[in-house]
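Each chain, letter by letter, is given below.
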Amino acid sequence: MMGEGLIIGVLDTGIKARHPSFKDTKMPPAPRPPKWKGTCFAGFACNNKIIGAKAFFNGTNPSPQDTNGHGTHVAGTAAGNFVKNANILGMAKGDASGMAPLAHLSIYKVCFPIYGCGYSEIYAAIDQAIKDRVDIISMSISGGHNDTFYSDAVARGSLAAIRQGIVPVAAAGNDGPTTGTLSHSAPWVLTVGATTTDRRISSIVELGNGKKFLGESAYHPKTWDSTIMYPLEFPGKYGDANASCCVPSALTNLNLKGKIVICYGCAVSDEERGNATYNAGAEGMIVMNLAIRGLTTSSPAHVLPATNVGYSATTEIVNYYTNNKATATAAIHFNGTQFGIEPSPAVASFSSRGPSIMNGGIIKPDVLAPGVNILAAWPTDVGPNPNPLATHTFNFESGTSMATPHVSGIVALVKSKHRGWTPAEIMSAIVTTANDSWTTAGDLIKDDTSYNTAGIYATGGGQVNPIKAMDPGLVFGHTFNNYIEYLCGLGYNQTEMTWMVGSRTTCTGVKNLTATELNYPSIAVNLTQLATSQIVRRTAKNVGDPREEYMAKITEPTGVRVDLSTYRLKFTRVNQEESYDVKFFLKGAYPSQGSDMIRRGKIVWDSGKHLVTTPIAVRFV
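Overview of the structure. All values derive from a computational prediction rather than experimental measurement.

Rules of the game
- Residues numbered from 1 in each chain as written.
- Predicted model: local features only at pLDDT ≥ 70, side-chain atom pairs only at ≥ 80, totals over all residues.
- Heavy atoms only, no water.
- Helix = DSSP H or I, 4+ residues; strand = E, 2+ residues; numbered from the N terminus.
- Buried < 20%, exposed > 50% of the residue type's maximum accessible area, 1.4 Å probe, protein only.
- Contact = heavy atoms within 4.5 Å.
- Polar contact = N/O pair within 3.5 Å; in protein donor to acceptor, adjacent residues only side chain to side chain.
- Phe/Tyr/Trp six-rings, centres within 6.5 Å; stacked < 30°, edge-to-face > 60°.
- Lys NZ or Arg CZ within 6 Å of the ring centre and 35° of its normal.
- Disulfide = S-S within 2.5 Å.
- Pairing = 2+ DSSP bridges.
- Axes fitted to C-alpha atoms, helices over the stretch in contact; angles between N-to-C directions.
- Parallel < 35°, antiparallel > 145°, perpendicular 65-115°, else oblique.
- Nonpolar A, V, L, I, M, F, W, Y, C, P; charged D, E, K, R; others polar.
- Arc of directions from axis to C-beta.

**Some thoughts on the environment of W188**
1) Next: On the secondary structure map, W188 appears in the loop between strand 9 (167–171) and strand 10 (190–195).
2) Next: Take W188: its relative accessible area is 0%, and that puts it in the buried class.
3) Next: For the pair W188 and G98, spaced 90 residues apart in sequence, the C-alpha to C-alpha distance is 24 Å.
4) Next: In contact with W188, not counting residues within four places along its chain, are F149, A155, S158, L159, I162, P168, M427, Y483, Y486, L487 and M500.
5) Next: Within the structure, W188 has its side chain in polar contact with the backbone oxygen of A155 (distance 2.9 Å).

Right, dumping it as structure tokens:
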């Protein structure tokens, strides 16, 4: 199962159609009408891989050609075909493919230079994708943290999509590690956060005092002498913020000839920073994370010998330079592609966190996926000497934008095996089979900001597990009407409901559902000093063996007792449903302000064959 027959709609910056990742070698033909109704922009290089391509800009339909790279990278990650000897400047060599290499792609360009990704463009593209009859919509698009659902084009368009059985997948955003920064938090959208992998494109900083720090760079110069200790220079030593970040205008009058330059990773891109230091005569560059970026490092295709280091190295390097300005030296050692780095996966520092103030507290992101230094298709060659004629071009990119297409591809894998499942059931399969630990011993996933344990509103269910998601055992589902009841429970008025649904809709006579009452695969409850207990109902559907019996294992949130109305679920047929109540009680004294006001736990239903995990968040408010 590689996604055969499924169509992934990608909303982004377009695509470079002639990249080898989008050849249609061994691809099945495009589905025939009425299954597929999409078309391609006139003259665009569509084939059996790319079966649709359109662009939306200010009421017009220009070319969907990608001039940015982001859309090409995302599409390749979701459903790129097999490419041998993929690499970036010789690093991370191997055969590359997307998560669903036999799925078809339909491209919807909605993001443009200067203008970004407009509301009307996003909404128009989702509407077109629905008409074209895609199966999944992948949206690596940012949004507002405090957007109501009716003012979020992704949420509003996705509600229409799930009504047609289409699974919407969206990026959580790159505004972490601050809490409450998550975008696209609607329960009908599969929201994805980003994690690191165990791979590093290793370049090590050695200071004159003998200390060494692991960094990363895709560019490993072949003629570099790593035994030379070069003088170290810091343009920001006098407090100029722009000089500290090596902004080009701040380096114009500096002579950095023969030196390794240290710069904070801020204000401008590494490419701009690198060009500025190179033009000022520098031999090399060390890009240092700010505190907010923690230990998450990128691996850029630098234009000069350079390395990017985490914040723990930043403090050591700056202190060393400050105390030894006249004699400070450094060398850079390039060690190629390394694997086995721990802890991994860890939540990327930039990955946006919940809780969302707009969704009633539902745990978001739903899951995590690889999103740091992801190798995928790129429209142009990269590095210090790019070849304009190169076609076998790849690049490393980081962001929840990169995590999202991993999950979109996994949705295609699940849907190709279970054609009759609803979007909610597919989302449930992915959430309840995710891994919340990074070791076989059960150590919870770490936060790459500090290597402390990541919170439940950073991880959601945990790292997505595609193999288990295809055979989850149980699923939690709901209907479109349940979403209407949920929106009414949020207090939306008739005008707002009509905007959301696309036709006249009122909450009069409609049962109101709270976020907790929605039959979601995770559970989030609020306890207060006046309401120290709560009961939640869940209904599980058997999609495993006809006869299967599950026993419950509970990990209680600290200070909270969790009881079930039954600790055994017995099924005698496929699609049988069983309901149970989950009761939450405060144990001991109510937490004082300033303490951990969000506690995590989980319920694991274990049949011996399947493990079905319901993540739990208890908030003291």
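Next, the rest of the story.
**Topic: the packing of aromatic side chains**
1) Next: Tallying each qualifying case throughout the model produces 16 aromatic pairs.
2) Next: Geometrically, the ring pair formed by F57 and F112 is tilted, given 4.8 Å between the ring centres and 45° between the ring planes. One end of the pair, F57, is in the loop between strand 2 (50–55) and helix 1 (70–79); the other, F112, is in strand 6 (residues 111–112), and 55 residues separate them in sequence.
3) Next: On the basis of relative accessibility, which here comes to 24%, the residue F57 falls in the partly exposed class.
4) Next: Here the aromatic residues F149, Y150, W188, Y483, Y486, Y492 and W499 are joined through ring pairs into a cluster of three or more.
5) Next: Geometry around Y123 places R156 over its ring, the cationic atom sitting 4.3 Å from the centre.
6) Next: Taking the ring centre of F585 as reference, the NZ or CZ of R561 above it sits at 5.7 Å.

**Brief notes about the state of the cysteines**
1) Next: Counted according to the given criterion, the structure contains five disulfides.
2) Next: Here C111 engages in a disulfide with C117; their sulfurs sit 2.1 Å apart. As the torsion about the S-S bond is roughly 110°, the C111-C117 disulfide counts as right-handed.
3) Next: Among the residues examined, C117 registers a relative accessible area of 33% and is labelled partly exposed.
4) Next: Two residues, C245 and C266, share a disulfide whose sulfurs are 1.9 Å apart. Torsion about the S-S bond of the C245 and C266 cystine: about -90°, corresponding to left-handed handedness. Here C245 is found in the loop between helix 4 (241–244) and helix 5 (248–251), whereas its partner C266 is found in the loop between strand 14 (260–264) and helix 6 (270–279), with 21 residues between them in sequence.

**So, the sheet that holds strand 24 (residues 523–527)**
1) Next: Read across the open sheet, the five strands follow the order 24-31-30-26-28; overall the sheet is mixed. The two strands at the open ends of the sheet, each matched to only one other strand, are strand 24 and strand 28 (568–571). The sheet shows a mean angle of 20° between the axes of neighbouring strands, taken without regard to direction.
2) Next: In this sheet, strand 30 (residues 598–606) lies alongside strand 26 (residues 548–555) in antiparallel orientation, the contact comprising five bridges. What sits directly across from I554, in strand 30, is I603.

**A short note on the packing of helix 3 (residues 153–163) against helix 12 (residues 480–489)**
1) Next: Relative orientation of the contacting elements helix 3 and helix 12 amounts to 150°, with a least axis distance of 10 Å. The pairing of helix 3 with helix 12 is recorded here as roughly antiparallel in orientation. Residues L159, I162 and R163 of helix 3 touch helix 12, and the partners they reach there are F480, Y483 and L487.
2) Next: When its residues are assigned to classes, the contact of helix 3 with helix 12 shows five nonpolar, no polar and one charged.

**Concerning helix 13 (residues 494–501)**
1) Next: Taken residue by residue, helix 13 has E496, M497, M500 and V501 as its buried positions. Axial view of helix 13: buried residues confined to an arc of 125°, hence all on one face.
2) Next: Buried-residue contacts for helix 13 involve helix 3 and helix 12.
3) Next: At the N-terminal end of helix 13, a side-chain oxygen is found 3.1 Å from the backbone nitrogen of T495, two or three residues along, and the residue is N493.
4) Next: One or two steps after helix 13, the chain reaches G502, where phi turns positive at roughly 90°.

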